[in-house]
Amino acid sequence: QVQVVESGGGLVQPEGSLRLSCAASGIATSGNMFSYYLKGWYRQAPGKQRELVAEISVLGRPNYADFVEGRFAVSMENAKNTAYLQMYSLKPEDTAVYYCKLKYRGVDYWGQGTQVTVSS
């Protein structure tokens, strides 16, 4: 059973940075199995729908939402079954619960989310 756990959220001032981690268990570390999972970062602000922030394709290609505007970067460490979302120049409107989603063979695996609050 694949399980996903996000971490790294917190309170940060505007223009600050955070790095979120998405650790997966239940995936074999041999054979780069983690690389075969589509990895997506989503967020949901109060009263709003969940939206895609960024994702890494199974080919390792990143894709970002327009609102990212070059401020975020996704990466992964296959040996650790972990994906990351590095966020710079955070804005108050980035405040949301951030979720990691892995997708493999049509099955989605979601984490519980980590709160990011951008406020002075």
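Refer to the structure presented above.
Residues numbered from 1 in each chain as written. Predicted model: local features only at pLDDT ≥ 70, side-chain atom pairs only at ≥ 80, totals over all residues. Heavy atoms only, no water.

Visitor: Looking at this structure, how should I read the environment of alanine 24?
Guide: Note on placement: alanine 24 falls in strand 3 (residues 18-25). For alanine 24, a relative accessible area of 10% translates into the label buried. For the pair alanine 24 and glycine 40, spaced 16 residues apart in sequence, the C-alpha to C-alpha distance is 13 Å. Non-local contacts of alanine 24, meaning those with residues more than four positions away in its chain, are made with Gln3, Phe34, Asn81 and Leu102. (Helix = DSSP H or I, 4+ residues; strand = E, 2+ residues; numbered from the N terminus. Buried < 20%, exposed > 50% of the residue type's maximum accessible area, 1.4 Å probe, protein only. Contact = heavy atoms within 4.5 Å.)

Visitor: Can you walk me through the pairing of strand 8 (residues 82-87) in this structure?
Guide: One face of the sheet, then the other: side chains in a regular strand alternate in exactly this way. Of all the six residues making up strand 8, six are buried; the element is thus mostly covered by neighbouring parts of the structure. The side-chain alternation of strand 8 yields two buried faces, one formed by Thr82, Tyr84 and Gln86 and the other by Ala83, Leu85 and Met87. As defined by bridge partners, strand 3 adjoins strand 8 across six bridges and the pair is classed as antiparallel. Within the sheet, the bridge partner assigned to alanine 23 lies in strand 8 and is threonine 82. Bridge count for strand 7 (residues 72-77) against strand 8 is six bridges, and the pairing is antiparallel. Paired with valine 74 across the two strands is leucine 85, which belongs to strand 8. (Pairing = 2+ DSSP bridges.)

Visitor: So what exactly am I meant to see when it comes to unusual backbone geometry here?
Guide: A negative phi angle is the norm for most residues apart from glycine, just as the trans form is the norm for most peptide bonds. We note that asparagine 81 has phi near 50°; this positive angle belongs to a residue other than glycine. Secondary-structure assignment places asparagine 81 in the loop between strand 7 and strand 8.

Visitor: In this structure, what is going on with the pattern of salt bridges? I would like to understand it.
Guide: Any two side chains of opposite charge can pair, so long as their charged atoms come close to each other. For the coordinates displayed, the defined rule picks out seven salt bridges. A salt bridge links glutamate 51 to arginine 43, with the nearest nitrogen and oxygen atoms 2.9 Å apart. On the accessibility criterion, glutamate 51 (33% relative accessible area) is partly exposed. Of the charged contacts in the structure, one is a salt bridge between aspartate 94 and arginine 43, with a shortest N-O distance of 2.8 Å. Linking aspartate 94 in the loop between strand 8 and strand 9 (96-104) with arginine 43 in strand 4 (residues 38-44), this pair joins segments that are 51 residues apart in sequence. Exposure remark for aspartate 94: the relative accessible area of 0% places this residue in the buried category. Look at arginine 43 and you get buried, because its relative accessible area is 7%. (Salt bridge = Lys/Arg side-chain N within 4 Å of Asp/Glu carboxyl O.)

Visitor: Would you mind showing me how to read the sheet that holds strand 1 (residues 3-7) here?
Guide: Sheet strands pair via backbone hydrogen bonds, and the direction of the pair is either parallel or antiparallel. Taking strand neighbours across the sheet as the criterion, the four strands line up as 1-3-8-7 in an open arrangement whose pairing is antiparallel. Of all strands in the sheet, those with a lone pairing partner are strand 1 and strand 7, marking the two edges. Averaged over all pairs of adjacent strands, the angle between strand axes in this sheet comes to 15°, irrespective of strand direction. (Axes fitted to C-alpha atoms, helices over the stretch in contact; angles between N-to-C directions.)

Visitor: I'm lost on the nonpolar core in this one. Help?
Guide: Ranked by size, the top nonpolar core spans 30 residues in total, and within it Trp41, Val53, Leu85, Met87, Tyr98 and Leu102 carry the most contacts. Listed by contribution, the elements that provide at least two residues to this core are strand 3, strand 5 (51-56), strand 7, strand 8, strand 9 and strand 11 (114-118). Not counting the four nearest positions on each side in its chain, valine 53 is found in contact with Trp41, Tyr42, Arg43, Asn63, Tyr64, Ala65, Phe67, Val68, Phe72, Leu85 and Tyr98. (Core = buried A, V, L, I, M, F, W, Y, C linked by side-chain atoms within 4.5 Å.)

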